[in-house]
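Chain and residue survey
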Amino acid sequence: MDQYEYKKIDDSNLSDLVYLLRIVAKKRLSVDYYRKKYNTPRSGGQYHGWLAYEKNTGQVVSVAAALPLWAILPDKKLVPVIQMIETFTRSEHRGRGLMTLLVKKILEEHQNTGTRLFFGLLNQNNVHGFVHKLGFTQTHNMEYFSLEIGTFPLEAVCRRCRISGLFRWWANRVIAPYLAPADFVLENSVLGLGYGGLLHDQSFFAYKSFSFNRLCRFSGIDAWLKFESGLLVGDVVLPELCPDTQFDEWVLTLQKIAGQMGLRRIFFQTWSGSPLSQKLSARFQTNPSWSVCCLASDAEIEPFLEKMRFGFGDFETF
């Protein structure tokens with residue numbers, strides 16, 4: 001490890017993080033986007049994470065970052081949590097323990113400041129390291145559903161032509177009749193099902209405004225929708241014993257909205273066994289998706305790990 005040096009992420013090196021993610025993950029997003037994304041209601045205006053640099057070249061080669069958030073446990077207790085994000089290493093520097101070292105730095109730092117729970121929504125490349133090297137527990141898996149929409153790809157064209165403002169103008173006109181009341185806050189759907197999950201309150205949704213999403217209400221169902229590279233469904237609160245006719249009407253309205261906006265797919269990510277998953281799997285093809293891994297920082301939290309659930313809206317990019 002002597003060939004590397006490590007720096008905490010701050011405003012002076014945020015451009016290095018953006019460069020690394022463009023090279024490794026093909027993410028072409030601005031420094032300003034990451035400033036907003038990292039500024040959670042619990043961040044204190046600080047960045048949380050580490051970068052690794054090769055000493056000889058000064059080249060940034062690895063990153064592990066975190067988002068401080070609030071969660072509600074199944075017993076309704078509010079606790080500080082950390083979401084692990086941006087775990088990337090350049091291919092020629094993999095297999096050297098960099099990711100494990102950087103994540104350990106985050107764990108040690110935040111365990112000393114009162115964080116009770118750590119979690120990550122991980123692809124299969126990262127699950128092994130988090131479970132076997134860092135002590136996380138793989139608590140549950142997610143699955144996705146994709147509905148193709150036959151329409152002109154307005155959003156994709158506007159994005160490629162760098163006129164996203166035009167798409168937003170049109171999308172806001174389309175979605176206006178379906179918006180929830182201005183003061184409405186959609187409670188995390190997992191809480192009503194007896195699970196624990198992230199706190200979705202007014203400050204959380206204000207923070208999430210760094211991307212183009214809206215709270216909507218139609219067909220008697222409340223939902224959190226994002227309009228980027230498709231119509232993405234972040235969370236849905238289904239009525240108890242929601243009849244099939246009501247759910248089908250809601251899906252048809254989603255398809256109508258996507259078609260009018262020029263979005264060529266509707267994309268769901270949900271946890272296996274949820275009411276939404278059950279409705280969708282009865283109608284559409286189910287596909288395996290991300291794994292959820294959690295780490296308790298003390299013995300009191302440990303029993304709750306299996307009762308925590310996370311949804312698409314909890315992805316750091318939503």
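As a reminder, the structure under discussion sits directly above these lines.
These lines cover the structure that appears in this document, whether it is placed above or below. Owing to the predicted nature of the structure, the values given are computational and were not obtained by experimental measurement.

Applying the stated criterion to the full structure yields one cavity of 30 Å³ or more. In this structure, the largest cavity is lined by Thr40, Pro41, Arg42, Pro68, Leu69, Trp70, Leu199, Asp201, Ser203 and Phe204. Elements represented by at least two residues in the lining of the largest cavity include exactly strand E3 (60-72) and helix H7 (202-207). Sorting elements by how many residues they give to the lining of the largest cavity places E3 first, with three residues. Residues of the lining of the largest cavity, tallied by class, amount to six nonpolar, two polar and two charged.

Here the second largest pocket is characterised by a volume of approximately 460 Å³. Lining of the second largest pocket is provided by 31 residues; of these, Ser189, Leu193, Val236, Leu238 and Pro275 occupy positions nearest its centre. For the lining of the second largest pocket, the elements supplying multiple residues, two or more each, are strand E10 (231-237), strand E11 (265-271) and helix H9 (275-281). At five residues, the largest contribution of residues to the lining of the second largest pocket is made by E10.

Here we take up a positive patch on the surface. Together, Arg22, Lys26, Arg28 and Arg162 give the surface a local cluster of positive charge. Of note, arginine 22 is situated in helix H1 (residues 14-24). Given the relative accessible area of 31%, arginine 22 is considered partly exposed.

So, on to the pairing of strand E12 (residues 287-296). Among the 10 residues of E12, eight are classified as buried, and the element is accordingly described as predominantly covered. Sheet topology places strand E5 (residues 117-122) next to E12; six bridges connect them, and they run antiparallel. By the bridge assignment, leucine 121 is partnered in E12 with valine 292. Direction of pairing for strand E6 (residues 137-148) relative to E12: antiparallel, over a ladder of six bridges.

Okay, the environment of glycine 165 next. With respect to the secondary-structure elements, glycine 165 resides in helix H6 (residues 164-175). The class of glycine 165 is exposed, set by a relative accessible area of 53%. Residues glycine 165 and tyrosine 19 lie 146 residues apart in sequence; the distance between their C-alpha atoms is 24 Å.

Our next topic: the packing of aromatic side chains. The full count for this structure, using the stated rule, is 25 aromatic pairs. When the centroid spacing of 6.3 Å and the interplanar angle of 40° are considered together, the rings of tryptophan 169 and tryptophan 170 count as tilted. Ring centres 4.8 Å apart and planes at 65° place the aromatic pair tryptophan 224 and phenylalanine 318 in the edge-to-face group. Taken together, the residues span a long stretch of sequence, with tryptophan 224 in strand E9 (residues 221-227) and phenylalanine 318 in the segment after E12 at a distance of 94 residues. Of the two residues examined, tryptophan 224 and phenylalanine 318, each falls in the buried class. If you follow lysine 226 out to its NZ or CZ, it ends over the ring of phenylalanine 318, 5.7 Å from the centre.

With that out of the way, let us pick up helix H2 (residues 31-38). An α-helical segment advances 3.6 residues per turn. Residues three or four places apart therefore align on the same side. For H2, every residue scored as buried is listed here: Tyr33, Tyr34, Lys37 and Tyr38. Looking down the long axis of H2, one finds its buried residues gathered within 120° of arc, a one-sided arrangement. Where the residues of H2 are buried, they touch H1, E3, strand E4 (78-89) and H7.

Here is what the cut-offs are and how they apply
Residues numbered from 1 in each chain as written. Predicted model: local features only at pLDDT ≥ 70, side-chain atom pairs only at ≥ 80, totals over all residues. Heavy atoms only, no water. 1 Å grid on protein atoms, 1.4 Å probe; cavity = no way out; pocket = protein on both sides within 12 Å on 5 of 7 lines; lining within 4 Å. Points joined across faces, edges and corners; volume = space filled by probe spheres on them. Helix = DSSP H or I, 4+ residues; strand = E, 2+ residues; numbered from the N terminus. Nonpolar A, V, L, I, M, F, W, Y, C, P; charged D, E, K, R; others polar. Patch = residues over 30% accessible without salt bridge, like charges linked within 9 Å, V, L, I, M, F, W, Y side chains within 5 Å. Areas by Shrake-Rupley, 256 points an atom, 1.4 Å probe, with all protein chains shown as cover. Salt bridge = Lys/Arg side-chain N within 4 Å of Asp/Glu carboxyl O. Lys, Arg positive; Asp, Glu negative; His and termini not counted. Charge placed at Lys NZ, Arg CZ, Asp CG, Glu CD. Buried < 20%, exposed > 50% of the residue type's maximum accessible area, 1.4 Å probe, protein only. Pairing = 2+ DSSP bridges. Phe/Tyr/Trp six-rings, centres within 6.5 Å; stacked < 30°, edge-to-face > 60°. Lys NZ or Arg CZ within 6 Å of the ring centre and 35° of its normal. Arc of directions from axis to C-beta. Contact = heavy atoms within 4.5 Å.

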